[in-house]
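Here are the chains, one letter per residue:
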Amino acid sequence: MTISSIPLATMDLQVGSSGRRNPTLICAPIMADSVSQMLNLVKNAKDQGADLVELRLDFLKSFSPRQDLEALIKQSPLPTLVTYRPKWEGGQYEGDEKARLDALRVALELGSDYIDVELKVADEFFNSVQGKKPGNVKVIVSSHNYESTPSSEELGNLAARIQATGADIVKIATTATEITDCARIFQLLAHSQVPTIAIAMAERGYISRILSGKYGAFLTFGTLEAGVGSAPGQPTLKDLLELYNFRQIGSDTKVHGVIGKPIGHSKSPHLYNAAFKSVNFNGIYLPLLVDSVANFIKAFSSPDFVGYSYTIPHKEDGLRCCDEVDPIAQAIGAISCMVRRSDGTLMGYNVDYLGAIAAIEEALRAREGTNGAASPLVGKLFVVIGAGGAGKALAYGGYEKGARVVVANRTYEKAQELANKVGGKAITLEELENFHPEDGMILANTTSVGMKPNIDRTPLSKKALSHYSLVFDAIYTPKLTRLLREAQECGATPVYGTEMFINQAFVQFERFTGMPGRLFISKKPSESWIICFKLDYDDLKSIHFPICSSKAIDQGHISKKHVKMVSLCQSWEGSNLCFFQENAIFTFLSHAMNCELILY
């Protein structure tokens, strides 16, 4: 089943006066050993912006139903959803079933706003409360599948069974084994005639929790802190509200994301969502854990799914799914960006090489003290580790700039294939250890070796690095990889993957929004992720914090001749921020700013 023509009538969404663009509530699951701890967490949930709380009674170490429920329900500053989940439905409770249902009936009697009852016992529960259910208490009848996501037909039948019990609200939670399972969840929500909660659990179902507002779900869940949830794959309240701007997601919100595997390390959602928000662009940017690009594109063919960044290992597969490919991307054999055009066709681009080569050239000019029009890569021996999508982009970029390209790869045949395209030489990774025909070589790592969590790994020994004058690593988590740290210790200039990330993000932002990238400053504490972007001299004059250049450090000012194009980079560790402009480097401490810098 695909998400291609789901009717999403905006008139069906009863948006309140608070400016929300969807009616979907955010529910914080509350799990604690004692009632007092639960009440403290409820207050925390209110402070963080939750609409209601789910009281997970099955996590309490000791429980006196009437006394404890009265305290929890009456003292809660937020509406309450009472859940007493048994082990057989994925919860913690292993006691007497009659006592469990009795506790739920007490919660109903005491006026909890919502009660969660499992489908398996729903008929028994409703029969026991006939004529006793207060009109303001809503019963959620739930079904949880911890193995898979059924077919669309099976989901529809399940929803009908739940509704037939007399449920006020239908809840279906499945497990996503592929991200495409979320398409069936969205279809269920979009066609539901009653209030419905539909979620695909686990990492591959993450987007079902974020996009629930787009498809009109009754609620979604957001945790108080990362890693402490009631079910797999729950985002935090903070991420829902601040990173994804959840309450501004509407039925017409355009969906973007970064396609990769793994994808949890990506900082792209932080960058693009902040950028979209700063210019009031009605879009969202998600991490997309994709197993098959072809299956993903087929499942999410809606006109609202409009733009993707591509990362390891899907850059080449992405190209094969395009209807049209930019000539440069075609020559490279991989894409880094895909955009759905107004006629529904998919256009592929590769901007990786622009970002990486620009950063390498800038660092070389600074190292060599040159500033001419010719590329400093001309004639240099340029060694690229990896022959995948990023490797192809870097090899192509080096070739275009006049470098002598060497491709080192685990599989020699792939290295040879790429080397032939750029008139270069192919070697194996084993041969690379002793490859040093000359000193002053340039090295570019395009593999994932050294990426979090495997930060102790490196693609090349420190001994071999002594023959390189500059080393680039496409990895940006961590910013300072072992490869770059050891290269620096050997005297080489390190070039961080963050710089490639920033440079290519300019182009992708413009492709996604049709707006130019500039700098925006908001009065919020700086986060510890990469920020941006383009400035001109007039922009700099309007910034009221200390900046100094290597040429104007004593005077404490910048003259116009020092500024042409400026990019901004903050290390993940939050150490300092640097403006780079040709040879001049402007540096100042992040704590002096007290602001968040994002695309505008």
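A quick note: this is a predicted structure, and the numbers were derived from the prediction, not measured. (Residues numbered from 1 in each chain as written. Predicted model: local features only at pLDDT ≥ 70, side-chain atom pairs only at ≥ 80, totals over all residues. Heavy atoms only, no water.)

(A) Geometry of the overall build of the protein. Broken down by element type, the protein carries 20 helices and 25 strands. With 600 residues in all, the protein has 58% of them scored as buried. Partitioning the contacts of the protein with sequence separation of at least 6, the portion at a separation of at least 24 is 68%. (Helix = DSSP H or I, 4+ residues; strand = E, 2+ residues; numbered from the N terminus. Buried < 20%, exposed > 50% of the residue type's maximum accessible area, 1.4 Å probe, protein only. Contact = heavy atoms within 4.5 Å.)

(B) Examining the UniProt feature "domain: SDH C-terminal" (unreviewed entry) in the protein more closely. Here the UniProt feature "domain: SDH C-terminal" (unreviewed entry) sits at residues 497-516. For residues 497-516, the helix share is 85%, the strand share is 0%, and the end-to-end C-alpha distance is 23 Å. (UniProt positions renumbered as here; feature names shortened; annotations may be inferred.)

(C) Structural context of the pairing of strand 2 (residues 52-56). Within strand 2, five of the five residues are buried, leaving the element largely enclosed by the surrounding structure. The two faces of strand 2 match: Leu52, Glu54 and Arg56 on one face and Val53 and Leu55 on the other face are all buried. Alignment of strand 2 against strand 3 (residues 80-83), held across four bridges, turns out to be parallel. Bridge pairing in strand 3 places Glu54 opposite Leu81. The β-α-β motif built from strand 2, the intervening helix 2 (residues 65-75) and the parallel element strand 3 has right-handed crossover chirality. (Pairing = 2+ DSSP bridges. Right-handed = clockwise from strand over helix to strand, strands pointing away.)

(D) Inspection of helix 13 (residues 352-368) at higher detail. With 17 residues, helix 13 ought to run about 24 Å at 1.5 Å a step, and its terminal C-alpha atoms sit 24 Å apart, in line with that. Within helix 13, twelve of the 17 residues are buried, which leaves the element mostly enclosed by the surrounding structure. The set of residues buried in helix 13 consists of Asp352, Tyr353, Gly355, Ala356, Ile357, Ala359, Ile360, Glu361, Glu362, Ala363, Leu364 and Arg365. (Expected span 1.5 Å × (residues − 1).)

(E) Quick peek at the confidence of the model for the protein. Averaged over the protein, the pLDDT score is 84; the fraction of residues at 70 or greater is 83%. For residues 519-600, every residue scores under 50 in pLDDT, and the model assigns this stretch 192 contacts once sequence neighbours within four places are set aside. (pLDDT = per-residue confidence, 0-100.)

(F) Quick look at helix 15 (residues 412-421). Turning to helix 15, its buried residues number three or more, namely Ala415, Leu418 and Ala419. Projected onto a plane normal to the axis of helix 15, the buried residues spread over an arc of 100° and lie on a single side. Residues of helix 15 that are exposed and point over 90 degrees away from its buried face: Glu413 and Asn420. A positive phi of about 60° marks Gly423, the residue just after helix 15. (Arc of directions from axis to C-beta.)

(G) Representation of the environment of Asp343 in the model. Relative to the helices and strands, Asp343 resides in the loop between strand 13 (337-340) and strand 14 (346-349). With relative accessibility at 58%, the residue Asp343 sits in the exposed group.

(H) Representation of the packing of helix 13 against helix 14 (residues 389-400) in the model. Relative to each other, helix 13 and helix 14 sit at 55°, their axes nearing to 9 Å. Classified by the angle between their axes, helix 13 and helix 14 sit oblique to one another. The element helix 13 and its partner helix 14 pack so that their crossing is right-handed. Here Asp352, Tyr353, Ala356, Ile357 and Ile360 of helix 13 come into contact with helix 14, specifically with Ala393, Leu394, Tyr396, Gly397 and Gly398. Of the residues that constitute the contact of helix 13 with helix 14, the class distribution is seven nonpolar, two polar and one charged. (Axes fitted to C-alpha atoms, helices over the stretch in contact; angles between N-to-C directions. Parallel < 35°, antiparallel > 145°, perpendicular 65-115°, else oblique. Left-handed = near helix turned anticlockwise from the far one by under 90°. Nonpolar A, V, L, I, M, F, W, Y, C, P; charged D, E, K, R; others polar.)

(I) The arrangement of the sheet that holds strand 17 (residues 425-428) in detail. An order of 17-16-15-18-19-20 is seen for the six strands of this open sheet, with the pairing classed as parallel. The open sheet has two edge strands, strand 17 and strand 20 (493-495), and neither has a second partner. Here the average twist between neighbouring strands, direction ignored, is 20°. Across five bridges, the pairing between strand 18 (residues 441-445) and strand 19 (residues 468-473) is parallel. Paired with Ala444 across the bridge in strand 19 is Phe472. Docked against the sheet, helix 18 (residues 482-489) engages strand 18, strand 19 and strand 20, running at close to 165° with respect to strand 19.

(J) Highlighting the sheet that holds strand 3. The strand order 7-6-5-4-3-2-1-8 describes an open sheet built from eight strands, whose pairing is parallel. The open sheet has two edge strands, strand 7 (196-201) and strand 8 (219-221), and neither has a second partner. Strand-to-strand twist in this sheet, taken as the mean axis angle between neighbours without regard to direction, amounts to 25°. Sheet analysis places strand 4 (residues 114-118) next to strand 5 (residues 138-144), joined by five bridges and oriented parallel. Its bridge partner being in strand 5, Asp116 is matched across the sheet by Ile140. On the sheet, helix 4 (residues 119-128) packs against strand 4 and strand 5 and is oriented at approximately 120° with respect to strand 4. Set on the sheet, helix 6 (residues 181-191) makes contact with strand 6 (169-175) and strand 7; between it and strand 7 the angle comes to about 180°.

(K) Broad picture of empty space enclosed by the protein. Taken as a whole, this structure holds two cavities of 30 Å³ or more when the rule is applied. Computed from the structure, the largest cavity encloses a volume of approximately 340 Å³. Along its surface, the largest cavity is lined by 24 residues, and Tyr310, Thr311, Lys315, Tyr476 and Met500 are the ones closest to its centre. Within the residue set of the lining of the largest cavity, elements represented by two or more residues are strand 11 (305-310) and helix 19 (497-513). If one sorts the elements of the lining of the largest cavity by residue count, helix 19 sits on top with five residues. Here the residues of the lining of the largest cavity are counted per class, giving eleven nonpolar, eleven polar and two charged. (1 Å grid on protein atoms, 1.4 Å probe; cavity = no way out; pocket = protein on both sides within 12 Å on 5 of 7 lines; lining within 4 Å. Points joined across faces, edges and corners; volume = space filled by probe spheres on them.)

(L) Fine view of the pattern of salt bridges. Taken as a whole and assessed by the stated rule, the structure comprises 26 salt bridges. In this structure, Asp116 and Arg85 form a salt bridge, with 2.7 Å as the shortest nitrogen-oxygen distance. A residue pair is termed long-range when its members are at least 10 positions apart, and Asp116 in strand 4 and Arg85 in the loop between strand 3 and helix 3 (97-109) qualify at 31 residues. Summarising the burial analysis for this pair, Asp116 and Arg85 share the class buried. (Salt bridge = Lys/Arg side-chain N within 4 Å of Asp/Glu carboxyl O.)

(M) Fine view of the side chain of Thr446. Mapped onto the fold, Thr446 is located in the loop between strand 18 and helix 17 (462-465). Residue Thr446 is classed as buried on the basis of its relative accessible area, which comes to 8%. Engagement of the side chain of Thr446 in a polar contact is seen with the backbone oxygen of Ile385, the distance being 2.6 Å. Of the polar contacts made by the side chain of Thr446, one reaches the backbone nitrogen of Gly391; its length is 3.4 Å. Once residues lying within four places of it in the same chain are set aside, the contact partners of Thr446 are Ile312, Val384, Ile385, Gly386, Ala390, Gly391, Leu394 and Ala474. (Polar contact = N/O pair within 3.5 Å; in protein donor to acceptor, adjacent residues only side chain to side chain.)

(N) Spotlight on the packing of aromatic side chains. Applying the stated criterion to the full structure yields 17 aromatic pairs. Note on Phe125 and Phe126: the rings are 6.1 Å apart at their centroids and 75° apart in plane angle, and the pair reads as edge-to-face. Its relative accessible area of 0% is what places Phe125 among the buried residues. A relative accessible area of 13% places Phe126 in the buried class. Members of the aromatic cluster, each reached through a chain of ring pairs, are Phe186, Tyr215, Phe296, Phe300, Phe305 and Tyr308. The ring of Trp88 has Lys120 sitting right over it, with the charged end atom 4.6 Å from the ring centre. Seen from the ring of Tyr215, Lys214 lies directly overhead, with NZ or CZ sitting 5.9 Å from the centre. (Phe/Tyr/Trp six-rings, centres within 6.5 Å; stacked < 30°, edge-to-face > 60°. Lys NZ or Arg CZ within 6 Å of the ring centre and 35° of its normal.)

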